[in-house]
Amino acid sequence: MTVWDSLVGQGQVIARLQRAVAGEMTHAWLFTGPPGSGRSNTAVAFAAALQCEQGGCGQCHSCHEVAVGSHPDVRVTRTEKLSIGVDEVRELVRASALAPVGRRWQIMVVEDADRLTDQAANALLKAIEEPTERTVWLLCAPTVEDVLPTIRSRTRLVVLSTPSVDDVTDFLVRSEGLGVETASYAARASQGHIGRARALARDEDTRRRRREVVAIPGRLSSLGACMASAADLHDLAKEEADALTSDHDQREKSDLDRAYGVVERGRRPREYAPALRDLEKSQKTRAKRRHLDVVDRGLMDLVSVYRDVLTVQLGTGVDLVNEEVRGDVVALANASSAEQSLRRIEAVFEAREQMLEFNVPPLLALESMMVGLQIVRD
Ligand SMILES: [Zn+2]
């Protein structure tokens, strides 16, 4: 397996990057693409290819080091925070100017370039404008609009597309050794989000939670059902977010304990309490963010059901994303008009905006959304 084999449905992008490795290089790149399309994986694969004697063989010591994050000349910055500040970027800029330990490149990958504060972005801009000869910056963001125009204009743009259901299915069969049926279910349900597809393919709990979410539209026949469904979606998201964070939190806590010698001596140094408070605070912020992310994904799962309804109503003959609730989909299609389906999709996006842009508490946003989705029979 070469470093490129972990990328899904990005043939054209890979061909371009391979040409760059072969000589058409530049010092700053911007990788954009929808969530789950693999923009940071692509940047890291590119970094590996640039460091490898054979253009990314995936087998040598250097390729392995990049893959596990221990290559001395590849530094990946990822953040759980809402923003990347100027101090952090200044530190990166300093490190970027160092000569590479190996003979090739000093590579700086910034996974969430959309979270750079303006001040941080300007500090980065200076480094990109006056590049050190062996330094390469690989920035990642959802879209070009998410980074300052001044940065955008000085980087070479690489746009990833959402991988097709077939591409994701093939990938899951190849990399996870799954049967075609499970793989194609996960590929369809994930709507091109690779990480999500993998989680759905691997984990029955994840599949169960998604099944419960896509069953919601079919049962919104009373106000009571709407309120109950809002609470269900909220709790399902909480369950999934907790599953994602708890291991990580535990590990951080034991690292902290070890750093302060709490385990060994049983006595706590004075500095421990404030450090623990800081850790708990940042874990809480992260948990809240994860919860929102998972609610958001649940909303996109709901949208996929209403798209299916619309597909049936318009008779387009396209495959359903949610084959498993075809009964509900057909019933909804018969009980409403295409216009109503569009309005329902709009109601979901409104809830999303309320939550993500205006900080409306998720449960509240979900309750008013469910009322907008209610099936009114006359
Ligand atoms: Zn290699």
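Reading guide: rules and limits
Residues numbered from 1 in each chain as written. Predicted model: local features only at pLDDT ≥ 70, side-chain atom pairs only at ≥ 80, totals over all residues. Heavy atoms only, no water. Helix = DSSP H or I, 4+ residues; strand = E, 2+ residues; numbered from the N terminus. Contact = heavy atoms within 4.5 Å. Polar contact = N/O pair within 3.5 Å; in protein donor to acceptor, adjacent residues only side chain to side chain. Donors = N, O, S within 2.8 Å, 3.2 Å for Na, K, Ca; no water. Tetrahedral: all angles 85-135°; square planar, octahedral: opposite > 155°, others 65-115°. Buried < 20%, exposed > 50% of the residue type's maximum accessible area, 1.4 Å probe, protein only. Disulfide = S-S within 2.5 Å. Domains from an automatic or database assignment. Buried area = accessible area lost by both parts, 1.4 Å probe. Salt bridge = Lys/Arg side-chain N within 4 Å of Asp/Glu carboxyl O. Axes fitted to C-alpha atoms, helices over the stretch in contact; angles between N-to-C directions. Parallel < 35°, antiparallel > 145°, perpendicular 65-115°, else oblique. Nonpolar A, V, L, I, M, F, W, Y, C, P; charged D, E, K, R; others polar. Phe/Tyr/Trp six-rings, centres within 6.5 Å; stacked < 30°, edge-to-face > 60°. Lys NZ or Arg CZ within 6 Å of the ring centre and 35° of its normal. Core = buried A, V, L, I, M, F, W, Y, C linked by side-chain atoms within 4.5 Å.

A. Up close: the environment of E176. Summarising the element assignment, E176 is placed in helix α7 (residues 165–176). Distance from E176 to R202, taken between C-alpha atoms, is 8.4 Å for residues 26 residues apart in sequence. Every residue in contact with E176, bar those within four places of it in the chain, is listed here: F171, R198 and R202. A distance of 3.4 Å separates polar atoms of two side chains, one belonging to E176 and the other to R198. At 2.8 Å, the side chain of E176 forms a polar contact with the side chain of R202.

B. The arrangement of the coordination of the zinc ion in detail. Here the zinc ion is held by C52 (SG), C57 (SG), C60 (SG) and C63 (SG), and the distances to it run 2.3 to 2.4 Å. Geometry at the zinc ion is tetrahedral, judged from the four donor atoms that bind it and their angles of 104 to 117° at the metal. Counting the intervening residues between successive donors of the zinc ion yields the motif C-x4-C-x2-C-x2-C. With relative accessibility at 16%, the residue C57 sits in the buried group.

C. Highlighting the state of the cysteines. For the structure shown, the criterion picks out zero disulfides. Here C140 is not cross-linked by a disulfide; its sulfur's nearest cysteine counterpart is in C63, at 18 Å.

D. Seen up close, unusual backbone geometry. Located in the positive-phi region is Q191, a residue other than glycine, with phi close to 50°. With respect to the element layout, Q191 can be found in the loop between α8 (180–190) and α9 (194–202). Phi at N359 is positive, roughly 55°, even though this residue is not glycine. The exposed category is assigned to N359, whose relative accessible area is 62%.

E. Broad picture of the domain arrangement of the chain. Domain assignment breaks the chain into domain 1 (3–159), domain 2 (165–202) and domain 3 (218–245 + 279–373). Placing the centre of domain 1 and that of domain 2 at their C-alpha centroids yields a distance of 27 Å. The partner domain 2 presents seven residues to the six residues of domain 1 that form the contact. Between domain 1 and domain 2, a total of about 510 Å² is buried, with carbon and sulfur atoms accounting for 63% of that surface. Considering only the surface of domain 1 that becomes buried against domain 2, D5, V8 and G36 emerge as the three largest contributors, covering 69% of it. Inspection of the domain 1/domain 2 interface yields zero salt bridges. Linking domain 1 to domain 2 there are two residue pairs in polar contact (both at pLDDT 80 or more).

F. Representation of the pattern of salt bridges in the model. Considering all chains together, one arrives at 30 salt bridges under this definition. Notably, a salt bridge pairs R202 with E176, separated by 2.8 Å at the nearest N-O pair. Taken together, the residues span a long stretch of sequence, with R202 in helix α9 and E176 in helix α7 at a distance of 26 residues. Given a relative accessible area of 57%, R202 falls into the exposed group. We note a salt bridge from E239 to R209, for which the minimum N-O separation is 3.0 Å. Of the two residues, E239 sits in helix α11 (residues 223–259) while R209 sits in helix α10 (residues 204–214), which places them 30 residues apart along the sequence. Look at E239 and you get partly exposed, because its relative accessible area is 34%. Its relative accessible area of 7% is what places R209 among the buried residues.

G. Local environment of the packing of helix α15 (residues 338–356) against helix α16 (residues 362–373). As a packed pair, α15 and α16 sit with axes 9 Å apart at the nearest point and diverge in direction by 170°. In terms of orientation, α15 lies roughly antiparallel with respect to α16. When α15 is examined against α16, the residues R344, A347, V348, A351, Q354 and M355 are found in contact with a partner set consisting of P362, A365, M369, G372 and L373. Taken together, the residues of the contact of α15 with α16 break down into eight nonpolar, two polar and one charged.

H. A look at the packing of aromatic side chains. The tally for this structure, following the rule as stated, stands at three aromatic pairs. Seen in terms of ring centroids, Y260 and Y272 are 5.8 Å apart; in terms of plane orientation they differ by 75°. Their pairing is edge-to-face. Pair noted here: Y260 is in the loop between α11 and α12 (262–265) and Y272 is in helix α13 (residues 272–314), with a separation of 12 residues, a long-range link. Classification of Y260 by relative accessible area gives partly exposed; the value is 25%. Through a chain of ring-to-ring contacts, three or more aromatic side chains come together here, namely W29, F31 and F46. One cation-aromatic arrangement involves R134 over W105; the distance from NZ or CZ to the ring centre is 4.5 Å.

I. Structural view of the side chain of R210. Within the secondary structure, R210 is located in helix α10. Note on R210: relative accessible area 1%, which makes it buried.

J. Examining the nonpolar core more closely. Among the nonpolar cores identified, the biggest contains 36 residues, and L233, L299, L302, M369, M370 and L373 are the most heavily contacted of them. Among the secondary structure elements, those contributing two or more residues to this core are α10, α11, α13, α14 (326–335), α15 and α16. The leading source of residues in this core is α13, at nine residues. Listed in part, the 30 residues of the second largest apolar core include V44, C57, V136 and C140.

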